[in-house]
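# Reading the structure
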Amino acid sequence: MWERLGRFVLKYRVSLLILLFFSTIVMGYFASKVKLSYEFSKAIPTSNRHYKDYQEFKKVFGDDGNTLVVGIADSQFFTIRHFTPYKKLTDSLKKIKGVEAVLSVADAVTLKKNFETERLYSEKIFQNISDQKTLDSTRDEFYNLPFYKSLLYNPNSHAYLLACKVNKDILASPERTEVINSIINVVSLYEKQTGVKTHISGLPLIRTVVSDRIQKEMKLFLFGSLILSVIILMLFFRSFKTTALSLGVVLISVIWTVALIYLCGYKITLLTALLPCLVVVIGIPNCVYFINKYHHNYASGQDKVTALVNMVSKMGIVTLFCNISAAIGFGVFAFTNSEILKEFGVVAGLSIILIFLISFIMLPALLSFFKVPSENETKYLYNKRITAFLLYLENLVLRNSKSVIIVTVVIVAFSLLGMMKLKTVGYIVDDLPKTDKIYTDLKFFEKHFTGVMPLEIVVDTKKKNGLSGFKALETFEKIDTFSRFLSQIPALRRPLSLAEGLKFAKQGFYEMDSTQYLMPNSFDGAFVGEYLKGGKNKGNSNSLTSIVESFMDSSRSKTRISISMADIGTAEMPGLIDSIENKGRQIFDTSNYKVTLTGTSITFLEGSRFIIGGLKESIILAFILIAFCMLYLFRSVRIMFCSLIPNIVPLIVTAGVMGWVGLPLKPSTVLVFSVALGIAVDITIRFLVNYKQELPVFGNDKRQTVQSTMKNTGLSIIYTSLVLTAGFIIFCGSSFGGTIALGWLTSLTLVVATLTNLTLLPVMLMYISKGKTR
């Protein structure tokens, strides 16, 4: 069949190339319409409880991840020379398009009583500050308000915090980069004018800067992988036309891949941005194997047409199943419950099959138009160093097979010990270098303000107006008790809730006596309540109304407790959540209240669980599907097991190395195993198919067949492994730990897979293949 297909491609080569050309133009049009995703893809399924809780929270109270914070540590903050520029900074940030609100010391308010209307109204503390004496007086007034302590300042370290609320729609659009950069520029100008070091953090900054940086890196890596592939191909083939042909195959494959993203209704995410680079890395080996076989056939004395037909007949099925195995390695992500992995899996799986179709048409068709390979172009077939290396491996396999097994067992045992040290933990910014400003700025806020990661707790009274009237004081007292418990947890900043607002209001009622920063009791609750009511007309409505609206739903049945926390990681987070939930059940009777923990910190934890769990499941599924492919291809259970063991060993070695070097399992590192498995199995398939084809030639003599197979396929396997390893190593130039890990861990896995398939696999074949192998 494959011989007929080869003759078909050569016979209709012009028509097929024209069809491919115009199809690529159409796909190029679709590729030009693909857009970047400015929303973080859902890592957890929409049916998940935590996802539903978070969506309900955003529907009622708004987004919790749209606040950016600016921090400084300045012992001279309350001097005219430093305070005046800080107030200007606050005013400048308010003018930036997309910034909805700014909260800072310079805009802090106090509460005062209006005896005529019997209402509390807010008044800015720092107004008309013209001299140091006035500033000192207002500073004392500000320090007399416990409400702002740890919220806007840390008295022990002279650290001060400014919070910017950014429009959520802008954060989900291309404009977010411009808005974030405008904020950074204004803050940088303040730092330059005052000499005070500034620190910026918050999810809007982290998400925007990190995603923009990754997208830029992916473009550089795409060009880098192409350039590196050109260099390697030129070193191998010593032919510009052969290199250009291989490059044309992968460039067309990249266009089709990007077009697939659009046609599937997806956008470019942080994960699908990797696909063009992976297509280059996977596409080049296809070219190497096809062209190597063509050159080998021609060097053996075959004419050009016969060499091309035999190239297709021998390598067609091999390359198809290699690409199928690679597609399985990536495609299994489509069966996970994580949307971001599903998108990656669908596009990657389809792209790899398309790579085969494109290379199957282009390579024989265009090679038929080229001149026959020159002696210089086939010189690599007789590379002395690689030939000597293959002879060494051949001698090792044929004469020291027991040593191969013993060494393999020792390495696996050592790796298993390393695997026992593996930990599963992820942080929101753990892929950033410890010297990166985003990371160091986050640590500044964790040091002085505990952290900036949002954690939200919703208290539902289960009845309309359950938070209204004098009876609601009991609920707020429970919230205050809960808040005091939360304040004692080192990883959490002092919570902000309506209970804090009530204490602030009581202090205002008692004319800012700091000793009265307490929850209203049954005696003064009624009086304070009167002063908290809205104005008798719209003009008298005060800012307390808007505060209440942001912390209470319209039915006055639900209220939120907002907390900023440290990025403590997925290992510690479950224990923290359990302790909070247990305390919540103790304080709030479950028959009358429902307490829900949500927010970005919760969804990040749940998302990490789903991604890691999905990736683990995908590896198992990939093994099962690849095993069936092997069984179908070779019709032998023994050969199937032979094919899997040399690919399990590299994964064990990689996991062991991770354990020994202290690299944890997290979304960015677990991805390595499925990717590497799908690619590494290619080597096994190529070796075994050649072994199966050669076995009848040598009268089913397995020793001679193994020896011949190592000579015939060893060269292309080593060349391909070098291309793959170089293609992934380029990711080590990233500034993100996850991308670096993808680079060196995948390269390590491929190197080990090459060695196991050229040593362990032939040894196993000689041990278990008895008699005639079908």
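Just above, that's the structure.
Structural notes, computed from the coordinates. Just so we're clear, the structure is a prediction, and the values are computed from it rather than from any experiment.

## Concerning the overall build of the chain
Within the chain one finds 26 helices and ten strands. Principal axes of the C-alpha set define a box for the chain whose edges measure 110 × 45 × 45 Å. Within the chain, the proportion of its 774 residues that are buried is 56%. Contacts spanning at least 24 positions in sequence make up 79% of the contacts within the chain whose residues lie at least 6 apart. Here the chain has roughly 33300 Å² of accessible surface; of this, 60% comes from carbon and sulfur atoms. Taken together, the 84 basic and 56 acidic charged side chains of the chain have centroids lying 11 Å from each other.

## Observations concerning the packing of helix H14 (residues 401–419) against helix H22 (residues 637–661)
At a closest axis distance of 7 Å, the pairing of H14 and H22 adopts a crossing angle of 45 degrees. Judged by the angle between their axes, H14 and H22 are oblique. Crossing of H14 over H22 shows left-handed handedness. Contact residues: Thr408, Ile411, Val412, Phe414, Ser415, Leu416, Leu417, Gly418 and Met419 in H14; Val649, Ile652, Val653, Ala655, Gly656, Gly659 and Trp660 in H22. Counted by class, the contact of H14 with H22 contains eleven nonpolar, five polar and no charged residues.

## Details of the side chain of asparagine 297
Within the element layout of this structure, asparagine 297 appears in helix H10 (residues 275–299). Looking at asparagine 297, the relative accessible area reads 6%, which means it is buried.

## Some words on helix H4 (residues 80–94)
The end-to-end C-alpha distance of H4 is 21 Å, a good match for the 21 Å that 15 residues give at a rise of 1.5 Å each. Here H4 has its buried residues at His82, Phe83, Pro85, Tyr86, Leu89, Thr90 and Leu93. Buried residues of H4 fall within an arc of 165 degrees about the axis and therefore sit on the same side. In this structure, H4 carries Arg81 and Lys88 as exposed residues pointing more than 90 degrees from its buried face. Packing partners of the buried residues in H4 comprise strand S1 (67–73), strand S2 (99–103), helix H5 (132–143), strand S6 (159–166) and helix H7 (175–194).

## Topic: the pairing of S6
Extensive coverage of S6 is indicated by the burial of seven of its eight residues. In this sheet, S6 lies alongside S1 in antiparallel orientation, the contact comprising seven bridges. Bridged to alanine 73 within S6 is alanine 159. Where S2 lies against S6, four bridges are found, and the strand directions are antiparallel. By the bridge assignment for S6, alanine 101 is matched with lysine 165. For strand S5 (residues 153–154) and S6, the ladder comprises two bridges, and the chain directions are antiparallel. In the sheet register, tyrosine 153 faces S6, and the bridge partner there is tyrosine 160. The loop that links S5 with its antiparallel partner S6 comprises four residues; one of these, histidine 158, has a positive phi angle of about 55 degrees.

## Some details on unusual backbone geometry
For asparagine 128, which is not glycine, the phi torsion reads 55 degrees and is therefore positive. Here asparagine 128 is to be found in the loop between strand S4 (119–124) and H5. Phi at glutamate 511 is positive, roughly 55 degrees, even though this residue is not glycine. With respect to the helices and strands, glutamate 511 occurs in the loop between helix H17 (498–509) and helix H18 (525–532). Note on glutamate 511: relative accessible area 58%, which makes it exposed.

## What about the pairing of strand S9 (residues 558–565)?
Burial of S9 is extensive: eight of the eight residues sit out of reach of the surface. By the alternation rule, side chains of S9 split into Lys558, Arg560, Ser562 and Ser564 and Thr559, Ile561, Ile563 and Met565, which are all buried. Examined bridge by bridge, strand S8 (residues 453–460) and S9 share eight bridges and lie antiparallel to one another. Note that in S9 the partner of glutamate 456 across the bridge is serine 562.

## Focus: the sheet that holds strand S10 (residues 594–598)
The sheet built from three strands is open, its strands ordered S9-S8-S10 with antiparallel pairing. Since the sheet does not close on itself, it has two edges, and those belong to S9 and S10, each with one partner. Mean inter-strand twist for the sheet, computed between neighbouring axes without regard to direction, equals 20 degrees. Of the pairings in the sheet, the one linking S8 to S10 comprises five bridges and is antiparallel in character. Looking at S10, one finds that aspartate 460 is bridged to lysine 594.

## What to know about helix H15 (residues 437–449)
Taking 1.5 Å of rise per residue, the 13 residues of H15 would be expected to cover 18 Å, and the 17 Å separating its terminal C-alpha atoms lies within 8% of that figure. Turning to H15, the residues buried within the fold contact S1, S5, S6, strand S7 (198–201), helix H8 (203–237) and S8. Capping the start of H15, aspartate 436 holds a side-chain oxygen 2.9 Å from the backbone nitrogen of isoleucine 438, two or three residues further along. Two residues or fewer past H15, threonine 450 is found with a positive phi of approximately 75 degrees.

## Some words on the state of the cysteines
A disulfide bridge is the covalent bond that connects two cysteines by way of their sulfur atoms. This model, assessed by the stated rule, comprises zero disulfides. Distance from the sulfur of cysteine 732, which forms no disulfide, to the nearest cysteine sulfur (cysteine 277) is 13 Å.

## Some remarks on the environment of valine 280
Its place among the elements puts valine 280 in helix H10. By relative accessible area, valine 280 is classed as buried at 0%. Between the C-alpha atoms of valine 280 and phenylalanine 449, which are 169 residues apart in sequence, the distance is 46 Å. Aside from chain neighbours lying at most four places away, what touches valine 280 is Leu222, Ser225, Leu226, Ser229, Val250 and Val254.

## What to know about the packing of helix H2 (residues 13–32) against helix H9 (residues 240–263)
Axis separation between H2 and H9 bottoms out at 8 Å; the angle between their running directions is 50 degrees. Comparing their axes, H9 and H2 come out oblique. In terms of crossing hand, the pair formed by H2 and H9 is left-handed. Counting all contacts with H2, which are made through Leu20, Ser23, Thr24, Met27, Gly28, Phe30 and Ala31, the residues of H9 involved are Ile252, Ile255, Trp256, Val258, Ala259, Tyr262 and Leu263. Partitioned by chemical class, the residues of the contact of H2 with H9 number eleven nonpolar, three polar and no charged.

## What about a nonpolar patch on the surface?
Taken together, Val14, Ile18, Phe21, Phe22, Ile25 and Phe369 make up a surface patch of nonpolar side chains, about 600 Å² in accessible area. If you trace the backbone, phenylalanine 21 turns up in helix H2.

## Some thoughts on the environment of valine 258
With respect to the secondary-structure elements, valine 258 resides in helix H9. Relative accessible area serves as the criterion here: at 16%, valine 258 is assigned to the buried category. In this structure, the C-alpha to C-alpha distance between valine 258 and serine 201, residues 57 residues apart in sequence, is 33 Å.

## Considering the side chain of histidine 448
Looking at the secondary structure, you find histidine 448 in helix H15. A residue is classified by how much of its surface remains accessible, and histidine 448, at 14% relative accessible area, is buried.

Definitions and cut-offs
- Residues numbered from 1 in each chain as written.
- Predicted model: local features only at pLDDT ≥ 70, side-chain atom pairs only at ≥ 80, totals over all residues.
- Heavy atoms only, no water.
- Helix = DSSP H or I, 4+ residues; strand = E, 2+ residues; numbered from the N terminus.
- Buried < 20%, exposed > 50% of the residue type's maximum accessible area, 1.4 Å probe, protein only.
- Contact = heavy atoms within 4.5 Å.
- Areas by Shrake-Rupley, 256 points an atom, 1.4 Å probe, with all protein chains shown as cover.
- Lys, Arg positive; Asp, Glu negative; His and termini not counted.
- Charge placed at Lys NZ, Arg CZ, Asp CG, Glu CD.
- Axes fitted to C-alpha atoms, helices over the stretch in contact; angles between N-to-C directions.
- Parallel < 35°, antiparallel > 145°, perpendicular 65-115°, else oblique.
- Left-handed = near helix turned anticlockwise from the far one by under 90°.
- Nonpolar A, V, L, I, M, F, W, Y, C, P; charged D, E, K, R; others polar.
- Expected span 1.5 Å × (residues − 1).
- Arc of directions from axis to C-beta.
- Pairing = 2+ DSSP bridges.
- Polar contact = N/O pair within 3.5 Å; in protein donor to acceptor, adjacent residues only side chain to side chain.
- Disulfide = S-S within 2.5 Å.
- Patch = residues over 30% accessible without salt bridge, like charges linked within 9 Å, V, L, I, M, F, W, Y side chains within 5 Å.
- Salt bridge = Lys/Arg side-chain N within 4 Å of Asp/Glu carboxyl O.

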